[in-house]
There are 2 protein chains.
Amino acid sequence: MRIRIKDGLYLTMDEQNLYASGDLLIEDDRIIQVGGQAPEDWQADETISGKGKLFMPGLVNTHGHTPMSLLRGYADDLALQVWLEDHMWPMEAKYTEQDVRYGSLLSIVEMIKGGTTTFVDMYDHTEVIAAAVEESGMRAVLTRGVIGLCSKEEQQAKLQHAVNFAKEWHGKADGRITTMLSPHAPYTCPPDYIEQFVEASRDLNLPIHTHMSETIKEVEQNVKDYGARPVEHLLKLGVFDRPCLLAHAVHLTDEEISILAEYDVRVSHNPGSNLKLASGIARVPELLRAGVKVSLGTDSSASNNNLDMFEEIRLAALLHKGVTYDPTVVPALTALRMGTIAGAESIWLDEVGLLKPGCKADIIAIDIDQPHMIPHTDLVSHIVYSASQHDVTDVWVDGRQLLKNRALTTLDEEQIRWEAARCFERLNG
Amino acid sequence: MRIRIKDGLYLTMDEQNLYASGDLLIEDDRIIQVGGQAPEDWQADETISGKGKLFMPGLVNTHGHTPMSLLRGYADDLALQVWLEDHMWPMEAKYTEQDVRYGSLLSIVEMIKGGTTTFVDMYDHTEVIAAAVEESGMRAVLTRGVIGLCSKEEQQAKLQHAVNFAKEWHGKADGRITTMLSPHAPYTCPPDYIEQFVEASRDLNLPIHTHMSETIKEVEQNVKDYGARPVEHLLKLGVFDRPCLLAHAVHLTDEEISILAEYDVRVSHNPGSNLKLASGIARVPELLRAGVKVSLGTDSSASNNNLDMFEEIRLAALLHKGVTYDPTVVPALTALRMGTIAGAESIWLDEVGLLKPGCKADIIAIDIDQPHMIPHTDLVSHIVYSASQHDVTDVWVDGRQLLKNRALTTLDEEQIRWEAARCFERLNG
């Protein structure tokens, strides 16, 4: 299948050639040319007009829990532990596979429509989520999140499930699905149990993804329980000897930042969720200065409460300026990198997150002929400071069009919205 | 003209009856019934289906500079004074009436489409802006912002213009336009000049609107120049003896907050702009606790960079949680009040900002059958934490429909976008 986008403007995220214009050519799952003219003998199966659109790499959401969309707005304005233990966990304990399926599909629908082409998901019933990803055409990095506050037998069963899932689904759906291993957090997994995940991660040659230092309370508890802050604790357990992606990492000392940089640990910054749960504001300028790879995640729509990655990009660009009184920290392009190419690199995907010949054709189109995008002074600025998920008109993943003029091609949006609403009614009944 | 909305769901913002459902009836410019059934003998000229929509009061944007939309994205990631003095002011000095017209129309188009029905505007060439407001059908509180760093003669000419404009346009456009008087800021207007505005405000019986304590630098300079922080300074000059709306008020001491509460001074919180210009984060929880009326403003789209009031509402709800580590500060409903009823009260409009019989029919409709609004757990939560300007489908101001199924009825959007783009090209040429 050969697709030609004609007369388009491309924000490539390749800093050597940030913009290009003219033709973009796709052959099967890959971009083969960005900008200029198609070779004379090159025949497209489909030609698409690029007029009035800005094309850019699809957004990469590096932390979330898609099935939790069923709990959007179910409990707000509460502290993390109360919200989690008294509201989220009791409802999630009631989840059936049907709930996981429609919760994750509802999130996938929102993400595709909003220009996210790759997402990380940590949850249970991961086979159900993987099937939804496969069906949808999206790209995802999936991991069975494991809470180890249970008997040894249960722990072993959960670890085994996590390992089996990771082994079975890694590379599936034409390579669109990859996997990781996830002890949920240092405060929900005993040390020896975390070590078993490290070992499994080595055996399977897969990365580790875990929550860390989201709240002050959790850091203090870690010091109390294990005599060390979470970074030192995970370091001792060997977690950072493995490729590792941390979600949140809000509360860090200078020394902890140095350790993360030294071990090339990646951080998924979740500004919206951290604000909403009053967890605090991560030290992103310091992390970036230390050379830590920082990407962006929405977290679940129960703590966000949408999956609009443009909002996370904007928050990443705005928030740290306001807190540091320095308008030059996290410039627009840096924030946009966090939502695209740095996101891809953070999850060990080296062929997405930019528009370049040879890369996977994960591309989104933005309608820039709208009042909030006029005048066309600086389109990076507009994407970061003015755009939203609703500006996305078209989405391709692996060269396949998943959104066409704002309509989904692989999923039945109306049916999914209906089923998701019914699932919540049953859970809440 | 009689309009009946049928089978609607209404978020009234009247805390005694936050929700209503059934019919909403409009007669000319006013709401005459919210919820229940229309009287049997009541004949509508137009009946509108409310299915799948949430109707709520139009949003109230209490601080901005509409013509600056032409400079959206022109200069970002700079400190306020550099941004203002080296980038904005030189460009604005070149503004013709044509630029003011299309800059303000571009903002008006964005605001109507985004569900804002009333806005405050402080700028020059205010007659041109007033004409645009009149034409558009929106409601606005307009004020000629005056910078007094000039000769006495120029000062007098500017003051005279401000007074003439305020006198002439107050109550115009069927009462949709009201006016205020605006010395730009304590750091741009000498004390005796500010006193002349106080006098004029008394003579005309109109409120004062000014910028105050946006940056730390400006507060320090005020102490240096006048031996007092801005609140004490303006208090001494008699500004707070008049009805007064302050924009920003980011840097306040406890004592200053008490004074603002005592004198019933209203504050327009501009979280997006304050973050972007690295001005800091206003002490909104303390202001609210002290009983100060706090509303929300976008500021101009040169420092925001859009005019999406849903974003400001969301930032107001999120930001202060993250900074204080308290998830209960600025709950969703409080933030929504700031963007609606408290906004209206802050600018002395007592007939807008809520859906209630007798109020002006300033109403917006939100499409709640979208993935990011499902399930319908808590619609206040969804509006605050998930919605955006792009979810607005219909807008009425003074009973007249300005947006119908996302299309403008009074303005030519395409022509305005085109003219605004040309204006910027000329300014930048």
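A quick note: this is a predicted structure, and the numbers were derived from the prediction, not measured. (Residues numbered from 1 in each chain as written. Chains lettered and ligands numbered in written order. Predicted model: local features only at pLDDT ≥ 70, side-chain atom pairs only at ≥ 80, totals over all residues. Heavy atoms only, no water.)

### Topic: the domain arrangement of chain A
The figure often quoted for interface size is the accessible area lost as the parts come together.
Residue and element names in this part refer to chain A.
Reasoning step 1: Split by domain assignment, chain A resolves into domain 1 (2–58 + 357–408) and domain 2 (66–346).
Reasoning step 2: A separation of 29 Å is found between the C-alpha centroids of domain 1 and domain 2.
Reasoning step 3: On the side of domain 2, 30 residues touch domain 1, which itself brings 29 residues to the contact.
Reasoning step 4: Here domain 1 packs against domain 2, burying approximately 2500 Å² in sum over the two surfaces, 65% of which is carbon and sulfur.
Reasoning step 5: Taken together, domain 1 and domain 2 are joined by three salt bridges.
Reasoning step 6: The shortest N-O distance in the salt bridge between D398 and R139 comes to 2.7 Å. (Domains from an automatic or database assignment. Contact = heavy atoms within 4.5 Å. Buried area = accessible area lost by both parts, 1.4 Å probe. Salt bridge = Lys/Arg side-chain N within 4 Å of Asp/Glu carboxyl O.)

### Some points on the environment of P331 of chain B
Reasoning step 1: Its location among the elements puts P331 of chain B in the loop between α11 (309–324) and α12 (332–338).
Reasoning step 2: In the structure, P331 of chain B is positioned ten residues away from K321 of chain B in sequence and 9.1 Å away in space, judged by C-alpha atoms.
Reasoning step 3: Not counting the four nearest positions on each side in its chain, P331 of chain B is found in contact with D77 of chain A together with K321 of chain B. (Helix = DSSP H or I, 4+ residues; strand = E, 2+ residues; numbered from the N terminus.)

### Overview of the side chain of S279 of chain B
Reasoning step 1: Positionally, S279 of chain B belongs in the loop between α9 (271–276) and α10 (284–289).
Reasoning step 2: Residue class for S279 of chain B comes out buried when judged on its relative accessible area of 2%. (Buried < 20%, exposed > 50% of the residue type's maximum accessible area, 1.4 Å probe, protein only.)

### Structural notes on the sheet that holds strand β14 (residues 294–296) of chain B
All names here are of chain B.
Reasoning step 1: Across the sheet, four strands lie side by side as β11-β12-β13-β14; this open sheet has parallel pairing. Whereas interior strands pair on both sides, the edge strands pair on one side only; in this sheet they are β11 (208–212) and β14. For this sheet, the mean angle separating the axes of adjacent strands, direction not counted, is 30°.
Reasoning step 2: Bridging between strand β13 (residues 266–269) and β14 involves three bridges; their strand directions are parallel. From the neighbouring strand, H269 faces β14, where its bridge partner is L296.
Reasoning step 3: The sheet contacts of α11 involve β13 and β14, and relative to β14 the element is tilted by about 135°. (Pairing = 2+ DSSP bridges. Axes fitted to C-alpha atoms, helices over the stretch in contact; angles between N-to-C directions.)

### Overview of the interface of chain A and chain B
Reasoning step 1: Contact residues are listed per partner, giving 62 residues for chain A and 62 residues for chain B.
Reasoning step 2: Each partner contributes to the roughly 4500 Å² buried at the junction of chain A and chain B, and carbon and sulfur atoms together form 65% of this total.
Reasoning step 3: A salt bridge links R314 of chain B to E311 of chain A, with the nearest nitrogen and oxygen atoms 2.6 Å apart.
Reasoning step 4: Our count for the chain A to chain B interface comes out at 28 residue pairs in polar contact (both at pLDDT 80 or more).
Reasoning step 5: Those elements giving two or more residues to the side of chain A that touches chain B turn out to be α2 (97–113), α9 (271–276), α11 (309–324), α14 (379–385) and α15 (413–428) of chain A. (Polar contact = N/O pair within 3.5 Å; in protein donor to acceptor, adjacent residues only side chain to side chain.)

### Quick notes on the UniProt feature "binding site: Zn(2+)" (unreviewed entry) in chain A
Residue and element names in this part refer to chain A.
Reasoning step 1: UniProt annotation of "binding site: Zn(2+)" (unreviewed entry) refers to H63, H65, H211 and D299 when read in the numbering used here. Spanning 237 residues, the named residues form one tight spatial group whose C-alpha atoms are at most 12.0 Å apart.
Reasoning step 2: The topology assignment puts H65 in the loop between β6 (59–61) and α1 (80–93).
Reasoning step 3: Given a relative accessible area of 10%, H65 falls into the buried group.
Reasoning step 4: The residues touching H65, leaving out its near neighbours within four places in the chain, are D121, M122, Y123, H211, D299 and S300.
Reasoning step 5: Relative to the helices and strands, H211 is located in strand β11 (residues 208–212).
Reasoning step 6: The contact partners of H211, leaving out residues within four places of it in the chain, are H63, H65, M122, H184, A185, P186, A247 and H248.
Reasoning step 7: Reaching out from H211, the side chain makes a polar contact with the side chain of H63 at a distance of 3.1 Å. (UniProt positions renumbered as here; feature names shortened; annotations may be inferred.)

### Some details on the UniProt feature "domain: Amidohydrolase-related" (unreviewed entry) in chain A
Reasoning step 1: With numbering matched to this structure, UniProt assigns "domain: Amidohydrolase-related" (unreviewed entry) to residues 56–401 of chain A.
Reasoning step 2: For residues 56–401 of chain A, the end-to-end C-alpha separation is 14 Å, with 43% helix and 16% strand making up the annotated structure.

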